[in-house]
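# Examination of the molecular architecture
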Amino acid sequence: MGSFREDMAAGYAFDVPTIRVGRPFAAPGQIETSVEVGIPLGFLNRHGLIAGATGTGKTRTLQLIAEQASAAGCAVFAADMKGDLAGVGAPGDADEKLTARAGELAHQWAPAACPVELMSLTGESGVPLRATVTGFGSTLLSKVLSLNETQESSLSLVFRFCDEKGLPLIDLEDLRAALAYLTGPGKAELKQLGGISSSTAGVLLREVSQLEGEGGDVFFGEPALEVADLLRVAPDGRGIVSVLGLDEVARRTAIF
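Attention in this report is confined to the structure presented alongside it.

Calculation rules
Residues numbered from 1 in each chain as written. Predicted model: local features only at pLDDT ≥ 70, side-chain atom pairs only at ≥ 80, totals over all residues. Heavy atoms only, no water. Patch = residues over 30% accessible without salt bridge, like charges linked within 9 Å, V, L, I, M, F, W, Y side chains within 5 Å. Areas by Shrake-Rupley, 256 points an atom, 1.4 Å probe, with all protein chains shown as cover. Salt bridge = Lys/Arg side-chain N within 4 Å of Asp/Glu carboxyl O. Helix = DSSP H or I, 4+ residues; strand = E, 2+ residues; numbered from the N terminus. Buried < 20%, exposed > 50% of the residue type's maximum accessible area, 1.4 Å probe, protein only. Pairing = 2+ DSSP bridges. Contact = heavy atoms within 4.5 Å. Axes fitted to C-alpha atoms, helices over the stretch in contact; angles between N-to-C directions. Parallel < 35°, antiparallel > 145°, perpendicular 65-115°, else oblique. Nonpolar A, V, L, I, M, F, W, Y, C, P; charged D, E, K, R; others polar.

## Some remarks on a nonpolar patch on the surface
On the surface, Y12, F14 and V16 cluster together into a nonpolar patch covering about 240 Å² of accessible area. Examined against the element boundaries, F14 turns out to sit in the loop between helix 1 (4-11) and strand 1 (18-22). Classification of F14 by relative accessible area gives partly exposed; the value is 35%.

## Brief notes about the sheet that holds strand 5 (residues 76-80)
Spatially, 5-8-6-7 is the arrangement adopted by the 4 strands of the open sheet, whose pairing is parallel. Every other strand in the sheet has two partners, leaving strand 5 and strand 7 (127-128) as the edge strands with one partner each. Taken together, the 5 bridges between strand 5 and strand 8 (residues 241-245) define a ladder with parallel strand orientation. The residue of strand 8 that forms the bridge with A78 is V243.

## Some details on the side chain of Q68
Among the structural elements, Q68 can be located in helix 2 (residues 58-71). By relative accessible area, which is 16% here, Q68 ends up buried. Other than its neighbours up to four places away in sequence, Q68 contacts I19 and R20.

## A look at the side chain of S138
The residue S138 is located in helix 5 (residues 138-144) in this model. S138 sits in the buried class, given a relative accessible area of 16%.

## Structural notes on the pairing of strand 6 (residues 116-120)
Where strand 6 lies against strand 8, 5 bridges are found, and the strand directions are parallel. Paired with M119 across the bridge in strand 8 is L244. Across 2 bridges, the pairing between strand 6 and strand 7 is parallel. From the neighbouring strand, S120 faces strand 7, where its bridge partner is P128.

## Structural notes on the pattern of salt bridges
This structure, assessed with the given rule, holds 5 salt bridges. Residue E117 pairs with R232 through a salt bridge whose shortest N-O separation is 2.6 Å. Of this pair, E117 sits in strand 6 while R232 sits in the loop between helix 9 (198-213) and strand 8, and the two are 115 residues apart along the sequence. For R176, the salt bridge goes to E212, with nearest N and O atoms at 2.5 Å. Pair noted here: R176 is in helix 7 (residues 172-182) and E212 is in helix 9, with a separation of 36 residues, a long-range link. Note on E212: relative accessible area 19%, which makes it buried.

## Focus on the packing of helix 6 (residues 149-164) against helix 9
At a minimum axis distance of 10 Å, the contact between helix 6 and helix 9 shows a crossing angle of 80 degrees. The orientation of helix 6 with respect to helix 9, classified from their angle, is roughly perpendicular. Of the residues in helix 9, those in contact with T150, Q151, S154 and L155 of helix 6 are T200, V203 and L204. Of the residues that constitute the contact of helix 6 with helix 9, the class distribution is 3 nonpolar, 4 polar and no charged.

In structure tokens:
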């Protein structure tokens, strides 16, 4: 077995582009500054976990990864639960703590900003992120509405009917109109698909109306998000970091 430095150097001797995440510690306070710990760029499409107590640097680690992925020309999407990750859009300020830490790690630090696009489910704090009811789908919408199995099955019948009739469900108003029709004048047509009980229809209408009242109507509509919108690069070749801020409306709708 080699020394700690030799083992670390061999373990992180990648011959492909990597994302730098720090230096190895042989023991508390013993930093091996001659070795750099990194993650191959191609591994970033896999699952990972960054764990630690409050103040241990989890958010800073995510910012570090996002910044370097952007610099490598990779677009980044991040759900910013607490509003911290968006900080990569502005260059940092050097202070004594930062300078001292950079010195300990033998890292040449320089402030820089990433090309960031702020996104919002409500459109109040960024580019509005929207989806049509049809595109969102009955399964996801059932989870948002906290429907039980029977109610979810009934909602899927509504979606199926509208699809077969070529009726697009753009927003929640369209869905309410479809429910009203199928439980009224169109009840006979719905029976051909299995039917929906009046009590279940009432629950669906109430839940949809409640979601509208809580502001969910601002999320559903057009223009709908295209995945390509999240895969753009800036004119200088860096990947754009799309940061989705979550507000009170998003707490209920952002289950994807």
